[in-house]
Amino acid sequence: MADLSPDLSPRNPDWWRQAVIYQVYPRSFADADGDGLGDLKGIAQRLDHLAALGVDAVWLSPFYPSELADGGYDVIDPRGVDDRLGTLDDFDALVAEAHRLGLKVIVDIVPNHTSHLHPWFQEALRAGPGSAARERYVFRRGRGAHGELPPSDWQSVFGGSAWRRVPDGEWYLHLFAPEQPDLNWDNEEVRADFRTTLRFWSDRGVDGFRVDVAHGLAKDLTEPLRDVGDIGATGEDALPLVPPGSHPYWDRDEVHEIYRDWRKIFDAYRPPRMAVAEAWVPGARRALYARPDELGQAFNFEYLEARWDAEELRDVITGSLATARAAGASATWVLSNHDVVRHASRLMLPPGTDPAAWLLADGRAPAVDPAAGLRRARAATLLMLALPGSAYLYQGEELGLPEVADLPVEVLQDPIWEQTGHVRKGRDGCRVPLPWTAGLPHAGFGAREEPWLPQPAGWPSYAVDRQRSDPDSMLSLYRTAIALRPRFGDGPLTWLPAPDGVLAFSRADGALCVVNLAATPADLPARSRLLLSSGPLDDAGRLPQDTAAWLHA
Ligand code: NOJ
């Protein structure tokens, strides 16, 4: 059989097109110095776990100096390392170790906003209205007789007005937390500084960038500012309701010019640095960010948001492949990340449930059967890893971790909790520190202090050491699947006829994937050899509900 493994050598500029990329949320991955917060040394020491898993690259969520008002996405210095997480030398050592193990490294960059503690914002506060320092951000006078009302009705993604007033009476824009003032991308100094940041990390050997809020940088700041009015939605939910490109601050056409500029920097390196957009915009618009002269890839959130329903998944997969193809990009697939309810729980929610609302603070979260959730998550993984394009994994999904839905409110750190007036608990339930060794304190996450978010009682049962040698564990399934995945090649997907509730498709070289989402067991294609299944077949050799199989024709 032909060797269809992706070529990850430095010579291959396209290594990322069919890659498996593993997201590390540094504060929750591994705590080497025992202070309760994960750190860079902890990651470096655990890279062997990722190499053994067989992934191609590691994506690091922010590790920059930060007040942690938004889990590190409030950046004080985009070219530094938070001293609680390590030093630049630790970062260099981490990159060197990753490369030694054959792993690429992607860093997360946050161009839409800084921390309010960034020297630029502090300078802007001191310098006052009309100053050049305020021009780097979005400061405006308020409405009302005394400027006492926000300059527009724009809403923060985390809840409430997106404007905050400063003591001299002006207001500044923050599409996220008040501690995250938005930068003004019409300002040349902002653009130039960002180019410096891209070169800084590229020169240190990083292989790519995950671009935070890629759809937010360009804003219509012409006076008077336009209200969003009736569409009034807080975030990107409004986008399908307005003509493309017309929203005052999301997904404006001017944003693409910024990425075409960055592409020149990426392409000056060998191999060119890759990039992936975090852009919560409808599919066809999302593909624009992934054009070859822009970022190259964009996360596919429609896939993440799809219900566990065969027809819906088939439509989303077909649509995603078509939009990626039209843009000259490769498709991406993601089931979980640090912003959403972990899929081992989410895929079990009753139809119509908003996963974020499931985490309401009033304790009304419907119970999810962990065993059933795990079975479904195993099938979902085999489906995702059989699709053409890149798969992005989130730390802990390879252990089958569920969402920790019952974190006590006193420990919550996510700004969503405060900004929604204690209505939504937010995203901490998917950020609970990982369990490594069942018998050690804090399940081996760190040796001394309590982890920054408490691990629930059952956490050690998911530990890496428990799963490593168990052939039926989630970890073993991920390892085997990632090792076998190259058999699907990098060619297209062809849907095969299948009964209602069953997905079946073929890829290169006779590789087949069948997923049964229906209650009735499904027959597997005749004359095919089973390579791997997410769970046992029934006595008649059929595929039970919530089970996926990889076969060879
Ligand atoms: C997207 C990040 O993934 C999320 O964690 C963060 O809160 C917002 N962007 C703001 O930076």
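I will try to describe carefully the structure that is included in this document. (Residues numbered from 1 in each chain as written. Predicted model: local features only at pLDDT ≥ 70, side-chain atom pairs only at ≥ 80, totals over all residues. Heavy atoms only, no water.)

Consecutive residues of a regular strand have side chains that alternate between opposite faces of the sheet. The side-chain alternation of strand β2 (residues 57–60) yields two buried faces, one formed by Ala57 and Trp59 and the other by Val58 and Leu60. With 4 bridges connecting them, strand β1 (residues 20–24) and β2 associate as parallel partners. Bridge pairing in β2 places glutamine 23 opposite tryptophan 59. In terms of handedness, the path from β2 via helix α3 (residues 88–100) over to strand β3 (residues 104–109) forms a crossover that is right-handed. (Buried < 20%, exposed > 50% of the residue type's maximum accessible area, 1.4 Å probe, protein only. Helix = DSSP H or I, 4+ residues; strand = E, 2+ residues; numbered from the N terminus. Pairing = 2+ DSSP bridges. Right-handed = clockwise from strand over helix to strand, strands pointing away.)

Around the ligand, a shell composed of 14 residues is seen, among which Asp70, His113, Asp212, His338 and Asp339 lie nearest. Contacts to the ligand include aspartate 70, whose side-chain N or O atom sits 2.6 Å from an oxygen atom. Here an oxygen atom of the ligand sits 3.0 Å away from a polar atom, N or O, in the side chain of arginine 427. For the ligand, whose unbound accessible area comes to 290 Å², protein coverage reaches 98%. Each residue belonging to the shell around the ligand can be placed in one class, and the counts come to 4 nonpolar, 3 polar and 7 charged. (Near = heavy atom within 4 Å. Polar contact = N/O pair within 3.5 Å; in protein donor to acceptor, adjacent residues only side chain to side chain. Areas by Shrake-Rupley, 256 points an atom, 1.4 Å probe, with all protein chains shown as cover. Nonpolar A, V, L, I, M, F, W, Y, C, P; charged D, E, K, R; others polar.)

Strand order in the open sheet formed by 3 strands is β4-β6-β5, with antiparallel pairing between adjacent strands. Looking at strand neighbours, the two that pair on one side only are β4 (139–140) and β5 (163–165), the edges of this open sheet. Note: β5 against strand β6 (residues 171–173), 3 bridges, orientation antiparallel. Within the sheet, the bridge partner assigned to arginine 165 lies in β6 and is tryptophan 171.

Attention shifts here to the pairing of strand β14 (residues 511–516). With 6 of 6 residues buried, β14 is to be regarded as a mostly interior element. Side chains Ala511, Cys513 and Val515 of β14 all project onto a buried face; the interleaved residues Leu512, Val514 and Asn516 project onto the opposite face, where all are buried too. Linking strand β13 (residues 502–506) to β14, which pair antiparallel, is a turn of 4 residues; within it aspartate 509 sits at a positive phi near 55 degrees.

A few words on the sheet that holds β1. Overall, parallel pairing links the 8 strands, which are arranged β9-β8-β7-β3-β2-β1-β11-β10 in an open sheet. Looking at strand neighbours, the two that pair on one side only are β9 (296–298) and β10 (332–334), the edges of this open sheet. Strand-to-strand twist across the sheet, computed as the mean angle between neighbouring axes with direction ignored, equals 25 degrees. Packed onto the sheet, α3 meets β2 and β3 and runs at close to 140 degrees relative to β3. (Axes fitted to C-alpha atoms, helices over the stretch in contact; angles between N-to-C directions. Contact = heavy atoms within 4.5 Å.)

When the terminal C-alpha atoms of helix α10 (residues 310–327) are compared, their 26 Å separation across 18 residues agrees well with the 26 Å that a helix rising 1.5 Å per residue should span. Those residues of α10 not exposed but buried are Ala310, Leu313, Val316, Ile317, Ser320, Leu321, Ala324 and Ala327. Axial view of α10: buried residues confined to an arc of 140 degrees, hence all on one face. Among the exposed residues of α10, those pointing more than 90 degrees away from its buried face are Glu311, Asp315, Arg325 and Ala326. Buried-residue contacts for α10 involve α8 (283–289), α9 (301–305), β10, α13 (370–385), β12 (494–495) and β13. The opening residue of α10, the one whose side-chain oxygen lies 3.2 Å from the backbone nitrogen of glutamate 311, is aspartate 309. (Expected span 1.5 Å × (residues − 1). Arc of directions from axis to C-beta.)

Core analysis: the biggest nonpolar cluster contains 143 residues, and Phe63, Phe91, Tyr259, Trp262, Tyr303 and Trp550 have the highest contact counts within it. Core analysis: the second largest hydrophobic core is formed by 15 residues, Trp15, Ala19, Trp59 and Val276 among them. (Core = buried A, V, L, I, M, F, W, Y, C linked by side-chain atoms within 4.5 Å.)

The next subject is the side chain of arginine 136. Here arginine 136 lies in the loop between α5 (132–135) and β4. Looking at arginine 136, the relative accessible area reads 8%, which means it is buried. Among the polar contacts listed, one links the side chain of arginine 136 to the side chain of glutamate 123, at a separation of 3.2 Å. Setting aside residues up to four positions removed in sequence, arginine 136 forms contacts with Trp120, Glu123, Asp182, Leu183, Asn184, Asn187, Glu189 and Val190.

Our next topic: the packing of helix α6 (residues 188–203) against helix α7 (residues 255–266). Relative to each other, α6 and α7 sit at 35 degrees, their axes nearing to 10 Å. Considering only the axes of α6 and α7, their crossing is right-handed. Taking contact as the criterion, the partners of Arg191, Phe194, Arg195, Leu198 and Arg199 in α6 are, on α7, Glu257, Ile258, Asp261, Trp262, Ile265 and Phe266. Within the contact of α6 with α7, the residues separate by chemical class into 6 nonpolar, no polar and 5 charged. (Left-handed = near helix turned anticlockwise from the far one by under 90°.)

A few words on the side chain of asparagine 516. Secondary-structure assignment places asparagine 516 in strand β14. Within the structure, asparagine 516 has its side chain in polar contact with the backbone oxygen of threonine 520 (distance 2.9 Å). Reaching out from asparagine 516, the side chain makes a polar contact with the backbone oxygen of leucine 543 at a distance of 2.9 Å. Look past the residues within four positions of asparagine 516 in its chain and what remains in contact with it is Gly501, Val502, Pro521, Ala522, Leu543, Pro544, Gln545, Asp546 and Thr547.

Here we take up α7. For α7, built from 12 residues, the straight-helix expectation of 16 Å at 1.5 Å per residue is met to within 8% by its first-to-last C-alpha distance of 17 Å. Along α7, the positions that sit buried rather than exposed are Val255, His256, Ile258, Tyr259, Trp262, Arg263, Ile265 and Phe266. Take α7 and look down its axis: the buried residues cluster within an arc of 155 degrees, on one side only. Taken together, the buried residues of α7 touch β3, α6, β7 (208–211), β8 (274–277), α8 and β9.

The next thing to look at is the packing of aromatic side chains. Enumeration over the complete set of coordinates arrives at 32 aromatic pairs. Look at tyrosine 259 and tyrosine 289: their rings are 6.2 Å apart centre to centre, the planes differ by 50 degrees, and that puts the pair in the tilted class. Of this pair, tyrosine 259 sits in helix α7 while tyrosine 289 sits in helix α8, and the two are 30 residues apart along the sequence. Of the residues examined, tyrosine 259 reaches a relative accessible area of 0% and is grouped as buried. Given a relative accessible area of 0%, tyrosine 289 falls into the buried group. A centroid spacing of 5.5 Å and a plane angle of 85 degrees characterise the contact between tryptophan 495 and phenylalanine 505, whose relative ring orientation is edge-to-face. In this pair, tryptophan 495 sits in strand β12 while phenylalanine 505 sits in strand β13, placing the two residues 10 residues apart along the sequence. Residue phenylalanine 505 is classed as buried on the basis of its relative accessible area, which comes to 0%. One aromatic cluster is present, formed by Trp154, Phe158, Trp163, Phe176, Tyr249 and Trp250 through successive ring pairs. (Phe/Tyr/Trp six-rings, centres within 6.5 Å; stacked < 30°, edge-to-face > 60°.)

The description of two helices packed together rests on the angle between their axes and the distance between the axes. Closest axis-to-axis distance for the α13/helix α16 (residues 474–484) pair is 10 Å, and the angle between their directions is 10 degrees. As far as their axial angle goes, α16 and α13 are roughly parallel. Where α13 approaches α16, its residues Leu374, Ala377, Arg378, Thr381, Leu382 and Leu385 are matched on the opposing element by Met474, Leu477, Tyr478, Ala481 and Ile482. Residues belonging to the contact of α13 with α16 are distributed by class as follows: 9 nonpolar, 1 polar and 1 charged. (Parallel < 35°, antiparallel > 145°, perpendicular 65-115°, else oblique.)

The analysis is restricted to geometry; functional conclusions fall outside its scope.
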